[in-house]
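Letter by letter, the chains look like this.
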Amino acid sequence: MADRLALHAQEQNRELSRRPSFPPGVDVVDFGDLSAMIDGDLLEFREGRLRRFDREPFAGKFYAGGVGGALTPSEGTGADGALRQDLAATDGMRGAMLIGLPGGSSVQDAIPRRRYTLKQMGVNYASTADQQTALMNALTIASEDMLNLVAEPHAIYKHGDMLALDGVEFDGQGCNFQALDPTRSRIQLTGARPILRNLRKSSLGVTARTSAYDAIGVLARDATDLLLENIIIDSGANAGIALDNVQRFESRGTLVMDTKADAFHCTNGTRDGSVYGHTAIRPGDDGFAVVTYGGSELCENIRVYGARIRQGNQRGMTVVGGRDVWFMQPDIDETECAGIYFSSESSYGTFGVRNCGVIGGTIKNAVSRAGISQGAIHCNGRAGSLTTPSGEVLTNTVEDIVLMAPKIRGCGGGIRAGVTFDDYAIGLDAMNIDMKDLRVSSSYHPRAFALGGKNIQIRGGRFANIGGQFITTVGSLAGYLRVRDLTIEGVCADAPDAKNVFLFNDAAPNLDIAEVEGVHMWKRGAAITAPFNYTKLTAAQRRIRNNLLDGVKAAEPPTLVLSGKTYQMDLEGGAYAEGAAGISGSESTVIAADETLAVIFKPSRVLRCTWLATRQSDYSKRADITISGDVTYSLPAGTAGVDYVAVGSSYYRLTDVSGTLNAANVAARSISYDADTNRVTITFTPVGALNARMQVIGVG
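In this text, all values refer to a predicted model and were calculated from it rather than measured experimentally.

Procedures and definitions
- Residues numbered from 1 in each chain as written.
- Predicted model: local features only at pLDDT ≥ 70, side-chain atom pairs only at ≥ 80, totals over all residues.
- Heavy atoms only, no water.
- Helix = DSSP H or I, 4+ residues; strand = E, 2+ residues; numbered from the N terminus.
- Buried < 20%, exposed > 50% of the residue type's maximum accessible area, 1.4 Å probe, protein only.
- Contact = heavy atoms within 4.5 Å.
- Areas by Shrake-Rupley, 256 points an atom, 1.4 Å probe, with all protein chains shown as cover.
- Salt bridge = Lys/Arg side-chain N within 4 Å of Asp/Glu carboxyl O.
- pLDDT = per-residue confidence, 0-100.
- Polar contact = N/O pair within 3.5 Å; in protein donor to acceptor, adjacent residues only side chain to side chain.
- Pairing = 2+ DSSP bridges.
- Expected span 1.5 Å × (residues − 1).

A.B. asks: Mind showing me how you'd approach the overall build of the protein chain here?
C.D. replies: Each helix and strand counted, the protein chain has 3 helices and 56 strands in total. Per-residue burial over the protein chain gives 52% buried out of 700 residues. Within the protein chain, residue pairs in contact and separated by at least 24 positions form 66% of the contacts whose partners lie at least 6 positions apart. Accessible surface, the protein chain: about 28500 Å² in total, of which carbon and sulfur atoms supply 50%.

Structure, rendered in structure tokens:
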């Protein structure tokens, strides 16, 4: 401590010795308003005024005297300088400017700490006895004097109780801190700029899981500007690595094996950090977890690059309460539950999730536990809201999830879908997903997407060898669903008699629109005859167009659009399939007493139309009629405007093929022609509200 005070005095004297040259006419220093300045701020004399030195352009660097006493940034030397250069080159996001000086630091913080070995501090590296007392003495002195401690390479230091490092920089050089009591095995890092490198942490006699913090392998708590590098956790009764209220952190090259809880756990407002090269093998819970429990500040702004998770007992990587957390290029193989999990859990009282996602990477063989019914990537929220201690109110929904080009390969027996987006999940943008081989058995058929959330967009991607349908939905589906520009090969592989690729299972009263466009579907042996099963949606809710089935334009419904009080089935609007059989489409909707249904088409078409309707107020009143329409040059029989209409020098006539429209007092029919648009319109006007279904085939 005496050395530190001496250095501080030297620095002050050095700064005072730099007498500024006043500009002509200035002979008094203007100190200005210094009330906003805080202890540790750097000052500079500029333009006759003493001002706070702005460090923002040089964040993450040291400051030293330059030519003429000017403050200039310095990169430093050695490993810290190289690390800062790596960060500048690889991560331009918040939290990347780590391991530089924290806010409020002064110039002397750049001066390297004195370096001592544990041997010099009285710790016997060759002893097989408990070194608890000697280790704690060394760590306490290092904390007080801000020392850099170094262990003997590859030594084994046994300790019978917990260890604590407050602002200490420690390099284990490959040594092993071996806990004799797995329930009191913790190494705790606190304070400003704690650094832990090249350490193996193991625990003897681990038999059961405990939730006590004392059993965590490495716990960073109430720390700032933390660095973890090349840390191995070999077994443990709780989490391997846990960050609790850590502000600004960097973790590189962690390996966690055989813990009873999460391999790497961030909680209680931990924020602004990056994790590179984390590996978890056989974790007892999640491989990497960000969890914010009610009553704490939100965890946020965390990036995880290149994590590898193997044989997880729960999920691969999770955000259960958090904001702005991103998993870059994860490599996940064999998890009992979801590979990636975004959720708010009522059982643990966690916050919602905002603005999180997955960029690239691979998720293999997820959800092996039978009956768990999750997705390889799983998203679900819950009702209600929570308030942070700082007063921020956040609903418990999962919102604004981005999936950019992840690969999903294979699955376990408990999987429901490649991607699930369930109730209280709002805003999914799934781009260029590559999904393959989601098959379980002939009796259980996982699909590519199981959807029940709100505002979902699926763009691009390739999907192959899927056991069930591509998409299934439930009644909570809301807002918009947009599916565009992707390729689907071999869906319904374990249900070869399935007819549909897109299955809208339930009516969705809060769905505004379901758009499917530019989808290329290939049967690959499945008996797909109606790729779009949309009967549970109203005609106004769907827009399905320009899709291909085995290279031929797929049969698609005309889009029924409510224009004013008229539902328009425009057969010429381009939202239907037209081949050798002409136009085919089917519409089901509810028509109110003051609404009408209009079928619009070119007069050159030969039309066949079947009308099925039931009065809502009297189900005994029904209509079941089939009519045909064609062009004739002779005046047709019947009533003009009802049975025929003039089209130039010809007529378009309607013929009742079977049934009678008005016998059940259900609806009236009329026909008209618009010469400006060259369109014939058949209008059905209900008598009372109707449950109606219209089937149309046009040839011509």
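A.B. asks: Which parts of the structure should I look at to understand the pattern of salt bridges?
C.D. replies: Scanning all chains against the criterion turns up 35 salt bridges. Residue Asp 214 is joined to Arg 186 by a salt bridge in which the shortest nitrogen-to-oxygen separation is 3.2 Å. Highlighted residues: Asp 214 in the loop between strand S11 (195-203) and strand S12 (218-236) and Arg 186 in the loop between strand S9 (169-179) and strand S10 (187-192), separated in sequence by 28 residues. For Arg 439, the salt bridge is made with Asp 494, and the minimal N-O distance between the two is 2.7 Å. In this pair, Arg 439 sits in the loop between strand S33 (434-438) and strand S34 (447-451) while Asp 494 sits in the loop between strand S38 (478-489) and strand S39 (502-504), placing the two residues 55 residues apart along the sequence.

A.B. asks: Is there a simple way to think about the confidence of the model for the protein chain in this case?
C.D. replies: Segments scoring low in pLDDT should not have their predicted coordinates read at a detailed level. On average, residues of the protein chain score 83 in pLDDT, and 79% of them reach the 70 mark or higher. Scored below 50 in pLDDT, residues 14-23 shows 10 contacts in the model against residues more than four places distant or in partner chains.

A.B. asks: Teacher, can you tell me more about the environment of Asp 429 here?
C.D. replies: Locating Asp 429 in the fold gives a position in strand S32 (residues 425-431). Taking C-alpha positions, Asp 429 is 9.3 Å from Gly 357, a pair spaced 72 residues apart along the chain. A polar contact is formed between the side chain of Asp 429 and the side chain of Arg 459, at a distance of 2.9 Å.

A.B. asks: Explanation requested: the pairing of strand S29 (residues 398-404) in the structure shown.
C.D. replies: Where burial is concerned, most of S29 is hidden: 5 out of the 7 residues are buried. Of the strand pairs in this sheet, strand S24 (residues 353-359) and S29 are connected by 6 bridges, and their pairing is parallel. Considered in S29, the bridge of Val 353 is made with Val 398. Inspection of the sheet shows S29 paired to S32 by 6 bridges, in the parallel sense. Within the sheet, the bridge partner assigned to Val 402 lies in S32 and is Asp 429.

A.B. asks: Even after reading the chapter, I still don't get helix H3 (residues 132-145), so can you show me in this structure?
C.D. replies: Side chains that are three or four residues apart share a direction in an α-helix, a result of its 3.6 residues per turn. Spanning 14 residues, H3 covers 20 Å between terminal C-alpha atoms, matching the ideal 20 Å at 1.5 Å per step. The set of residues buried in H3 consists of Gln 132, Ala 134, Leu 135, Ala 138, Leu 139 and Ala 142. Where the residues of H3 are buried, they touch strand S6 (148-150), strand S7 (156-159), strand S8 (163-166) and S9. At the C-terminal side of H3, Met 146 shows a positive phi close to 55°.

A.B. asks: So what exactly am I meant to see when it comes to unusual backbone geometry here?
C.D. replies: Peptide bonds are, in most cases, trans, and in most cases residues other than glycine have a negative phi. Even without a glycine there, the phi angle at Glu 334 is positive, about 70°. Note on placement: Glu 334 falls in strand S22 (residues 331-335). Even without a glycine there, the phi angle at Asn 455 is positive, about 60°. Positionally, Asn 455 belongs in strand S35 (residues 454-459). Its relative accessible area of 19% is what places Asn 455 among the buried residues.

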